[in-house]
Every structure is written in structure tokens, then in C-alpha cells.
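The residues making up each chain are set out below.
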2 protein chains.
Amino acid sequence: MVSLGTEWIVDAHGCDPASLRSLPELQNFFARVIRELGLKTAGEPLWHVFPGEAGITGLVLLTESHLACHTFPERSFAAFNLYSCRELKEWPWADRLTAAMGAQQVRVRLVERGER
Amino acid sequence: MVSLGTEWIVDAHGCDPASLRSLPELQNFFARVIRELGLKTAGEPLWHVFPGEAGITGLVLLTESHLACHTFPERSFAAFNLYSCRELKEWPWADRLTAAMGAQQVRVRLVERGER
């Protein structure tokens, strides 16, 4: 089997809504993912803070592929994607999301890309 | 079941390597996805053209979530992700990818986000 990268699809439930509306907290979280996995950014990240009580979207272009998040504070939910065409070590998504934003339930799914 | 969005994970094999190295062609393809699905962009897209014979990465922040691509011309492969927190109509990924970049085999996987 040939794979052209792995995607981590991470759903975090029961998060603190204030954290999911905090741009600095989400930026710190992205910085931690990038630092601890030894990823390399290419260009500036894109962040969009939706108005009112809504959430935040972040996208970072990596030389390995990309990192994305979408937060839904009204549902205490955050969705993360990490696509990497380079093999990465395991990363404790659940522990880190619990520590950073109080996540109570974290589901991590792996999808291999480009299999045939 | 509650879903907080759907992600389309699209793997296109057998593409024309020249198309996978063409920024205008990939930008046109993104524009078509966005137009035909009635998506709304938020801010400027991020594009990164890797040096030499390597591929291109594109990321677009949408009010509905995001659209991403990573191309691997040396493998005739392109990976697309579309995450939408709004329900979308079906879109003919295989037909469009065949027309735009000569894809010979297209695999579309749907992942529901935030189920619990």
C-alpha cells in the first residue's frame, strides 16, 4: 500500500466556550502542535473570528501540508485537522485539548490519503 | 445524531502533472468549487508553490469552513478537503477533476464531524 500522507481528524467535545472564542488561546494551541510535532509553517496563518457569539477558524499552511481548526462555542465543540505528507510521531491530542480548553471527550480518526 | 459539519476527503489519482504544477489551473478549480457550491470566502486564499518539480498547496477560509488542496505531481496525485458546517448539495468531484486535470481515478470519502 502506498500512502501520500496521513490526516488526523480530531473532534473535541465539552470544551470551554470562552477558550473557543479566544484567538490568543487558539494561536497558542496551534503553536504547541507545530512546535511539539516539529512542523514547519509556510507563510502567515489565516485566522477568522466570526462575529458575536460565534467561533474562530484557523488555517496554517505547512511544508508538510496543513493544520486547521473550526470552533463552535455554542456547542462547546472544536474540530481540528492535521494533514501531513511526512510521517509524524504520535501526539497526545486528548491530553493537550483537555489541558488547553477543557475538552471532555476527544475523538481522533486517522485517514490515509492516496491509497490505491 | 447531531453533526457539526461534513468533510469531503477527495483523492484524485492519475492527474496530469503539468496541471498539478499550475497555480492558475488550481485557482480556477477552486473558483469553480466555490461558485458551483455557493460557498463564501473569508479573506484571501493562501497558496504555496513548492520549488522545482514539487507541487502546490492551497487553503481557502470559507464562512462555511475551509477548502484545501495538496498536489503531488511526481505521483500524479492531488488531495482535496472540503469541510462545510452548512449542508451542501452533491458535487461531481470525479467529473470535474477529470475535466480539469485529467484525473483517472477519484475517491470521495465523507466524514461527519462532531457526532456523538
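Please read all numbers here as calculations on a predicted model, not as lab measurements.

A few words now on the overall build of chain A. Of regular secondary structure, chain A possesses 3 helices and 6 strands. Secondary structure of chain A in N-to-C order comes out as β-α-α-β-β-β-β-α-β. Whereas a compact globule of 116 residues would reach a radius of gyration of roughly 13 Å, chain A reaches 14 Å, a difference of no more than 12%. With respect to the principal axes defined by its C-alpha atoms, chain A has extents near 45 × 30 × 25 Å.

Residues and elements named next belong to chain B. Among the 8 residues that make up strand β5 (residues 77-84), 7 are buried, leaving the element largely enclosed by the rest of the structure. Across 7 bridges, the pairing between strand β1 (residues 6-13) and β5 is antiparallel. For D11, the partnering residue across the bridge sits in β5 and is A79. Note: strand β4 (residues 65-72) against β5, 8 bridges, orientation antiparallel.

Let us look at the sheet that holds strand β6 (residues 105-112) of chain B. Residues and elements named next belong to chain B. The strand order β2-β3-β4-β5-β1-β6 describes an open sheet built from 6 strands, whose pairing is antiparallel. Where the open sheet ends on each side, the last strands, each with one partner, are β2 (46-49) and β6. Averaged over all neighbouring strand pairs, the angle between strand axes comes to 10 degrees, with direction disregarded. In this structure, β2 lies alongside strand β3 (residues 56-61), joined through 4 bridges in antiparallel fashion. Paired with L46 across the bridge in β3 is L59. Helix-sheet contacts for helix α2 (residues 23-36) involve β2, β3 and β4, and the interaxial angle to β3 is about 30 degrees. Strands β1, β5 and β6 of the sheet are contacted by helix α3 (residues 93-101), whose axis makes an angle of about 140 degrees with β6.

Below, the discussion takes up the relation of the copies chain B and chain A. Mapping between the two copies of the chain is achieved by a rotation about an axis and a shift along the axis. Laying chain B over chain A is done by rotating through 180 degrees and shifting 0.0 Å along the axis; what remains is an RMSD of 0.0 Å. Such a turn and shift between the copies fits a two-fold axis. Residue by residue, 100% of the interface of chain B is reproduced at the interface of chain A, so both copies engage with the same surface.

Next up on the list: the sheet that holds strand β6 (residues 105-112) of chain A. Residue and element names in this part refer to chain A. One open sheet accounts for 6 strands, arranged β2-β3-β4-β5-β1-β6; its pairing is antiparallel. The open sheet has two edge strands with one neighbour each: β2 (46-49) and β6. Between one strand and the next, the sheet's axes are offset by a mean angle of 10 degrees, whatever the strand orientation. Where strand β1 (residues 6-13) lies against β6, 8 bridges are found, and the strand directions are antiparallel.

Interfaces are frequently sized by the accessible area removed from exposure as the parts join. Between chain B and chain A, the contact holds 28 residues from the first and 28 residues from the second. Put simply, the parts of the chain that give the side of chain B that touches chain A at least two residues each are β1, β2, β3, β4, β5 and β6 of chain B. With 5 residues, β4 of chain B is the single largest residue contributor to the side of chain B that touches chain A. Looking at the side of chain B that touches chain A, its residues break down into 13 nonpolar, 11 polar and 4 charged.

In this section: helix α2 (residues 23-36) of chain A. Its 14 residues give α2 of chain A an end-to-end C-alpha distance of 20 Å, which sits within 8% of 20 Å, the value for a rise of 1.5 Å per residue. For α2 of chain A, the elements touching its buried residues are β3 (56-61), β4 (65-72) and α3 (93-101) of chain A.

Turning our attention to the nonpolar core. A12 and A78 of chain A together with A12 and A78 of chain B are the most contacted members of the largest nonpolar core, which has 60 residues in total. Filtering out sequence-adjacent residues up to four positions away, A78 of chain B remains in contact with A12, C15, L20, C69, T71 and M101 of chain B.

All names here are of chain B. Tracing the sequence through the fold places V108 in strand β6. Taking the C-alpha atoms as reference, V108 lies 18 Å from E36; in sequence the two are 72 residues apart. Beyond its immediate chain neighbours, meaning those up to four positions away, V108 contacts W8, V10 and W93.

Calculation notes
- Residues numbered from 1 in each chain as written.
- Chains lettered and ligands numbered in written order.
- Predicted model: local features only at pLDDT ≥ 70, side-chain atom pairs only at ≥ 80, totals over all residues.
- Helix = DSSP H or I, 4+ residues; strand = E, 2+ residues; numbered from the N terminus.
- Rg over C-alpha atoms; globule rule 2.2 N^0.38 Å.
- Buried ≥ 20, exposed ≤ 12 C-beta atoms within 10 Å, placed from the backbone.
- Pairing = 2+ DSSP bridges.
- Axes fitted to C-alpha atoms, helices over the stretch in contact; angles between N-to-C directions.
- Contact = placed C-beta atoms within 7 Å.
- Least-squares fit on C-alpha atoms with pLDDT ≥ 70 in both.
- Nonpolar A, V, L, I, M, F, W, Y, C, P; charged D, E, K, R; others polar.
- Expected span 1.5 Å × (residues − 1).
- Core = buried A, V, L, I, M, F, W, Y, C linked by C-beta atoms within 7 Å.

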